[in-house]
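# Inside the fold
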Number of protein chains: 2
Amino acid sequence: MNRLPIEQRRDQLVAAALAVATRDGLERTTMRAIAAEAGVALGVLHYCFTDKAEIMRAVARHIHTQGLNVALAAVGTGDPGELVEHVVAAYAGVVIGAREQYLLQHELTVAALRDPELTGLAAEQLATKLANARTFLEAVGPRAGLVWAVPVEDVARRVVQSIDGAVLAWLVDHDDRGLRAALATVGRSVRALGQVHERRSAELSPLP
Amino acid sequence: MNRLPIEQRRDQLVAAALAVATRDGLERTTMRAIAAEAGVALGVLHYCFTDKAEIMRAVARHIHTQGLNVALAAVGTGDPGELVEHVVAAYAGVVIGAREQYLLQHELTVAALRDPELTGLAAEQLATKLANARTFLEAVGPRAGLVWAVPVEDVARRVVQSIDGAVLAWLVDHDDRGLRAALATVGRSVRALGQVHERRSAELSPLP
DNA sequence: GTCTATAGTTGGATAGAC
DNA sequence: GTCTATCCAACTATAGAC
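Keep in mind the model is a prediction, meaning the values are calculated, not measured.

### Thoughts on helix H7 (residues 99–114) of chain B
The first and last C-alpha atoms of H7(B) sit 23 Å apart over 16 residues, in line with the 22 Å expected at 1.5 Å per residue. Three or more residues of H7(B) are buried, namely Arg99(B), Tyr102(B), Leu103(B), Leu104(B), Gln105(B), His106(B), Glu107(B), Leu108(B), Thr109(B), Val110(B) and Ala112(B).

Given below as structure tokens:
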């Protein structure tokens, strides 16, 4: 109905596609379903995007724009000594509250690994996750008085893999307590990789 | 052409479906593609199976019939002290050599989580993995002189989640060395969960 | 048991009126 | 920019000849 600048129209359509994909799954996210969700005619989609793959690429990129903020928001709170565990626990709550979002993430990953038109998307996803984890670790480290015993990239890698494995199992078994327990274990092992830095461990000894 | 007993025909068709799904991905595994792969007419599939979902269920179950044997076969070899690490390393080799098989596993999991007709399949997959891990741990424990400090179910859970996370990352980044390193880390942390049993640790002290 | 032929859907994509 | 109408391909499933 309303005439919109193409940029806004694109955003609206990506949001609609994300809504359908989250709710109904990737397979049922058809051009028709997206158009219906957005309340526009089918032709509009092909006017704003060259083809379906372009929409799905936009959706995948939109998903990972979030994610990091959640973890960083929790960094500022709680006792530094248990900061890592605290943040990990908060993250578990976020995941549990947005199950279908995380299911969609896995659907997109798998789809990207098979579909030539989505090549590179899975690698982008992983790179974003690793960058997020790294940013988080570098933010939380000083705050908790930790310095990483191994390169921060390696810690980030382990964190991402551990979380993905735990979330995948949880998507299957719906065991919320199990997910919290698994992520708590991740938190502890991350914590174990950090050595307490002198300036913090020595009770802030006064300067001369 | 040849007239076969329906049981053999079913096996043949499942094998063909597995071949197509492994090679081309789940989305392109259509009834037509399966029929072509098996060299039979389209109607034959609907004679042997009620619908497509029944074939995919059979394929999913067929996949997990393997897997355990691989790990168990490696248990009998190597130095007991480094047995866990050795087996994990061997497993890495198996995974690397069958990338598309493991990709298909993830495709089936994700598909089962969305498709009502495949409900329960993902849970079955996970249960089988956990049972395999448990069987393996109970086989390797005594052999390496270990007794698990925590319930073996919990160890199995951690092993399965860690492996899944590592394999998923590897499916994306194709980093063979990274996968071997990640699985080696899994091996070490599993090893750390086992306490050395007295009879083995005490250099086989002679009985009176 | 096996085949051909076809029904009946649903999908992506486009042409052309407005 | 937006909509309707339509094309064409691919799919599952079935009916019925052989």
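Read on, since the account is not over.
### Here's the deal with the protein's contact with DNA strand C
In the vicinity of DNA strand C lie 15 residues, with Met31(A), Arg32(A), Asn2(B), Arg9(B) and Tyr47(B) positioned nearest. Residue Arg3(B) places a side-chain N or O atom 3.1 Å away from a sugar or linking oxygen belonging to DNA strand C. Between Ala41(B) and DNA strand C, the recorded distance is 3.3 Å, taken from a backbone N or O atom to a phosphate oxygen. Of the residues that constitute the surface near DNA strand C, the class distribution is seven nonpolar, three polar and five charged.

### Focus: the packing of helix H9 (residues 152–173) of chain A against helix H10 (residues 176–193) of chain A
Residue and element names in this part refer to chain A. Axis separation between H9 and H10 bottoms out at 9 Å; the angle between their running directions is 170°. Regarding the angle of H9 to H10, the classification is roughly antiparallel. Residue-level contacts link Val155, Arg158, Val159, Ser162, Ile163, Ala166, Val167 and Trp170 of H9 to Asp176, Leu179, Ala182, Leu183, Val186, Val190 and Leu193 of H10. A class-by-class count of the residues in the contact of H9 with H10 yields 12 nonpolar, one polar and two charged.

### Quick notes on the protein's contact with DNA strand D
Lining the immediate environment of DNA strand D, one finds 15 residues, of which Asn2(A), Arg3(A), Arg9(A), Tyr47(A) and Arg32(B) sit closest. Within 4 Å of the protein, atoms of DNA strand D come from sugar and phosphate in 62% of cases.

### Description of the confidence of the model for chain A
Residue and element names in this part refer to chain A. The pLDDT averaged across chain A works out to 89; a share of 90% of its residues lies at or above 70. Taking the mean pLDDT of every element in chain A, the minimum, 46, falls on helix H11 (residues 198–201) and the maximum, 98, on helix H7 (residues 99–114). Low confidence marks residues 199–208, where pLDDT is under 50. Its contacts with residues over four positions away, or in another chain, come to five contacts.

### Describing the interface of chain A and chain B
Contact with chain A, which involves 31 residues of that partner, is made by 31 residues of chain B. Of the roughly 2400 Å² buried where chain A meets chain B, counting both sides, 67% is carbon and sulfur surface. Remark: the boundary between chain A and chain B carries four salt bridges. Scanning the region where chain A abuts chain B turns up six residue pairs in polar contact (both at pLDDT 80 or more). Where the side of chain A that touches chain B is concerned, the elements lending two or more residues are helix H1 (6–24), H7, helix H8 (121–144), H9 and H10 of chain A. In terms of residue count, the dominant contributor to the side of chain A that touches chain B is H9(A) (11 residues). Each residue belonging to the side of chain A that touches chain B can be placed in one class, and the counts come to 14 nonpolar, seven polar and 10 charged.

### Observations concerning the nonpolar core
Counting residues in hydrophobic clusters, the biggest one holds 131 residues, and the most contacted among them are Leu183(A) and Leu183(B). Filtering out sequence-adjacent residues up to four positions away, Leu183(B) remains in contact with Val88(B), Tyr91(B), Ala92(B), Ile163(B) and Ala166(B).

### Looking at the packing of aromatic side chains
For the structure on display, the rule yields zero aromatic pairs over all chains. Over the face of the ring belonging to Phe49(A) we find Arg10(A), whose NZ or CZ atom lies 6.0 Å from the ring centre.

### Some details on the environment of Ala181(B)
Of note, Ala181(B) is situated in helix H10 (residues 176–193). Separated by 143 residues in the primary sequence, Ala181(B) and Ala38(B) have C-alpha atoms spaced 39 Å apart.

### Observations concerning the environment of Arg10(B)
Residues and elements named next belong to chain B. Considering the arrangement of structural elements, one finds arginine 10 in helix H1 (residues 6–24). Looking at arginine 10, the relative accessible area reads 24%, which means it is partly exposed. Here the alpha-carbon distance between arginine 10 and tyrosine 47, two residues 37 residues apart in the chain, equals 9.7 Å. Discounting residues that sit within four places of it in the chain, arginine 10 has contacts with Cys48 and Phe49.

### Focus on the side chain of Thr109(A)
With respect to the helices and strands, Thr109(A) occurs in helix H7. Discounting residues that sit within four places of it in the chain, Thr109(A) has contacts with Ala122(A), Gln125(A) and Val172(B).

### Some words on the relation of the copies chain A and chain B
Expressed as a screw operation, the relation of chain A to chain B combines 0.0 Å of axial shift with a rotation of 180°, fitting to an RMSD of 0.0 Å. The superposition operator between the copies reduces to a two-fold rotation axis. Within chain A, Gly165(A) has its C-alpha nearest the rotation axis, a separation of 1.9 Å. A share of 100% of interface residues in chain A that are also interface residues in chain B marks the association as one of identical surfaces.

### Focus: helix H2 (residues 31–38) of chain B
Residues and elements named next belong to chain B. Buried within H2 are the following residues: Met31, Ile34, Ala35 and Ala38. Along H2, the residues classed as buried sweep out an arc of 100° about the axis, all on the same side. Across H2 from its buried face, at more than 90 degrees, point the exposed residues Arg32 and Ala36. Close packing links the buried residues of H2 with H1, helix H3 (42–48) and helix H4 (52–63). Where H2 terminates, the next one or two residues include glycine 39, which has phi positive at roughly 75°.

### Examining a negative patch on the surface
A contiguous patch of negative charge, built from Glu27(A), Asp115(A), Glu117(A) and Glu27(B), is present on the exposed surface. With respect to the element layout, Asp115(A) can be found in the loop between H7 and H8. Asp115(A) gets classed as partly exposed once you look at its relative accessible area, which sits at 31%.

Quick notes on the rules
Residues numbered from 1 in each chain as written. Chains lettered and ligands numbered in written order. Predicted model: local features only at pLDDT ≥ 70, side-chain atom pairs only at ≥ 80, totals over all residues. Heavy atoms only, no water. Helix = DSSP H or I, 4+ residues; strand = E, 2+ residues; numbered from the N terminus. Expected span 1.5 Å × (residues − 1). Buried < 20%, exposed > 50% of the residue type's maximum accessible area, 1.4 Å probe, protein only. Near = heavy atom within 4 Å. Polar contact = N/O pair within 3.5 Å; in protein donor to acceptor, adjacent residues only side chain to side chain. Nonpolar A, V, L, I, M, F, W, Y, C, P; charged D, E, K, R; others polar. Axes fitted to C-alpha atoms, helices over the stretch in contact; angles between N-to-C directions. Parallel < 35°, antiparallel > 145°, perpendicular 65-115°, else oblique. Contact = heavy atoms within 4.5 Å. pLDDT = per-residue confidence, 0-100. Buried area = accessible area lost by both parts, 1.4 Å probe. Salt bridge = Lys/Arg side-chain N within 4 Å of Asp/Glu carboxyl O. Core = buried A, V, L, I, M, F, W, Y, C linked by side-chain atoms within 4.5 Å. Phe/Tyr/Trp six-rings, centres within 6.5 Å; stacked < 30°, edge-to-face > 60°. Lys NZ or Arg CZ within 6 Å of the ring centre and 35° of its normal. Least-squares fit on C-alpha atoms with pLDDT ≥ 70 in both. Arc of directions from axis to C-beta. Patch = residues over 30% accessible without salt bridge, like charges linked within 9 Å, V, L, I, M, F, W, Y side chains within 5 Å. Areas by Shrake-Rupley, 256 points an atom, 1.4 Å probe, with all protein chains shown as cover. Lys, Arg positive; Asp, Glu negative; His and termini not counted. Charge placed at Lys NZ, Arg CZ, Asp CG, Glu CD.

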